[in-house]
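So the chains spell out like this:
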Amino acid sequence: MAMYKVLVMDGVSEKGLEPLRNESEIEVIIGNKMTEDELVAVIGEYDAMVVRSATKVTPRVFDHASRLKVVGRAGVGVDNIDLNAATQHGVLVVNAPDGNTIAATEHTIAMMLALARNIPQAVAKMKNGVWDKKAFLGVELRGKTLGIIGLGRIGSAVARRAQALEMDIVAYDPYITEEKAESMGIKLATLEELFPVADFITVHMPKTKETYHMLDERAFAMMKEGVRVINCARGGIIEEEALYKYMKEGKVAGAALDVFEKEPNTDSPLLELNNFIATPHLGASTAEAQLNVAVDVAEEIVEALQGKVVRNT
Ligand code: NAD
Ligand code: MLT
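Structural notes, computed from the coordinates. (Residues numbered from 1 in each chain as written. Chains lettered and ligands numbered in written order. Predicted model: local features only at pLDDT ≥ 70, side-chain atom pairs only at ≥ 80, totals over all residues. Heavy atoms only, no water.)

### So, the packing of aromatic side chains
Here comes step 1: Going through the model one piece at a time under the given rule, you end up with 2 aromatic pairs.
Here comes step 2: With 5.6 Å between their ring centres and 20° between their planes, F220 and Y246 make a pair best called stacked. In this pair, F220 is assigned in helix α10 (residues 217-222) and Y246 in helix α11 (residues 240-248), connecting sequence segments 26 residues apart. An identical accessibility class is assigned to F220 and Y246; each is buried.
Here comes step 3: Here F260 and F276 contribute two aromatic rings whose centre-to-centre distance is 6.4 Å and whose plane-to-plane angle is 70°, an arrangement assigned as edge-to-face. You can see F260 sitting in the loop between β11 (252-257) and β12 (276-278) and its partner F276 sitting in strand β12, a full 16 residues away along the chain. This pair shows no difference in class: F260 is buried, exactly as F276 is.
Here comes step 4: Looking at K5, its charged tip hangs above the ring of Y46, at a distance of 5.5 Å from the centre. (Phe/Tyr/Trp six-rings, centres within 6.5 Å; stacked < 30°, edge-to-face > 60°. Helix = DSSP H or I, 4+ residues; strand = E, 2+ residues; numbered from the N terminus. Buried < 20%, exposed > 50% of the residue type's maximum accessible area, 1.4 Å probe, protein only. Lys NZ or Arg CZ within 6 Å of the ring centre and 35° of its normal.)

### Overview of the site of ligand 1
Here comes step 1: Ligand 1 sits among 27 residues. The nearest are R153, I154, D173, M205 and D258.
Here comes step 2: For ligand 1, an oxygen atom lies 3.4 Å from a polar atom in the backbone of G77.
Here comes step 3: The contact in question runs from an oxygen atom of ligand 1 to an N or O atom on the side chain of H281, over 3.4 Å.
Here comes step 4: About the coverage of ligand 1: the protein hides 89% of its 870 Å² of free accessible area.
Here comes step 5: Among the residues making up the shell around ligand 1, the classes are represented as 14 nonpolar, 8 polar and 5 charged. (Near = heavy atom within 4 Å. Polar contact = N/O pair within 3.5 Å; in protein donor to acceptor, adjacent residues only side chain to side chain. Areas by Shrake-Rupley, 256 points an atom, 1.4 Å probe, with all protein chains shown as cover. Nonpolar A, V, L, I, M, F, W, Y, C, P; charged D, E, K, R; others polar.)

### So, the packing of helix α5 (residues 101-117) against helix α7 (residues 153-164)
Here comes step 1: Orientation of α5 relative to α7, taken along the N-to-C sense of each, is 50°, at an axis distance of 9 Å. What the angle tells us is that α5 and α7 run oblique. The chirality of how α5 crosses α7 is right-handed. Residue-level inspection shows T101, I102, A104, T105, T108 and I109 of α5 in contact with α7, the latter providing R153, I154, A157, V158, R161 and A162.
Here comes step 2: When grouped by side-chain class, the residues that make up the contact of α5 with α7 number 7 nonpolar, 3 polar and 2 charged. (Axes fitted to C-alpha atoms, helices over the stretch in contact; angles between N-to-C directions. Parallel < 35°, antiparallel > 145°, perpendicular 65-115°, else oblique. Left-handed = near helix turned anticlockwise from the far one by under 90°. Contact = heavy atoms within 4.5 Å.)

Next up, the structure:
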């Protein structure tokens, strides 16, 4: 007889749930997409919950989660889980910080190359029966300066790959030391130094009060003419209205967003611009990453339910 019920949401990799299924005292229930009201109605039955980014674990959900001991986020960002409410209710929140680093890194590099060479636009034309060789003059990455904001796991993995593409790197991250940056062959800069020199800018930090709208009107005004901007981190770090304005007037030559302030999002005015490309929050969507994060979070939930020391909180 199972002692613990674990609700798994958001299409978390089935194969990665084995650590949970291997425990006889744990029953795994796969949930379909639910509204907040629907989740509130059932959450009282569960001892643990696994989510990706679609399910919002709000204060109301915690208020009704009388048995809940742990919420696992199969990914890095825990911004869809209300951490204050979790703390108030004594619920542990765990994530999987490493499992999707390479996936998000490679997606960032793919976006940068796609921007530089107009690949999505050229594909779309060909599929519409148009062989347009003249419209898509690209730029090379070699010798260009990449401004990286946030030099953590993904930011530094992007830096290594960009160095292999012979780009110069300039980075801003107030929480890492000069020595750490130097060990990666990178010089740290202030934002005021980074914005005017970067040909490409990519952001890789969490969404916090400090990073929300960090790329706003004022930041775009400081940027180099013809800059290209990429966000595969979190919607809201770039102020979308300011980006639209600077793309429209031509200062920003291109932008690639994997994440939006409002998600899902198919009606952003940015989508009307030819030099804007986007993906629907696919940064972590590789088979490898989804297996990694599901296994990591499933193991952490087993540890938490069995009262063991959890490796990540
Ligand atoms: P990380 O914690 O390893 O690195 C984040 C870095 O941001 C840290 O070095 C930190 O010092 C820095 N930082 C914090 N505040 C900052 C500020 N105000 N200015 C500049 N730098 C600041 O995280 P990570 O694993 O590299 O993930 C980075 C981001 O990517 C997170 O927001 C994560 O949620 C997101 N992510 C998105 C996808 C996706 O599907 N698109 C996939 C994985 C991760
Ligand atoms: C993350 O923060 O890990 C990403 O948002 C990945 C995801 O989509 O789950």
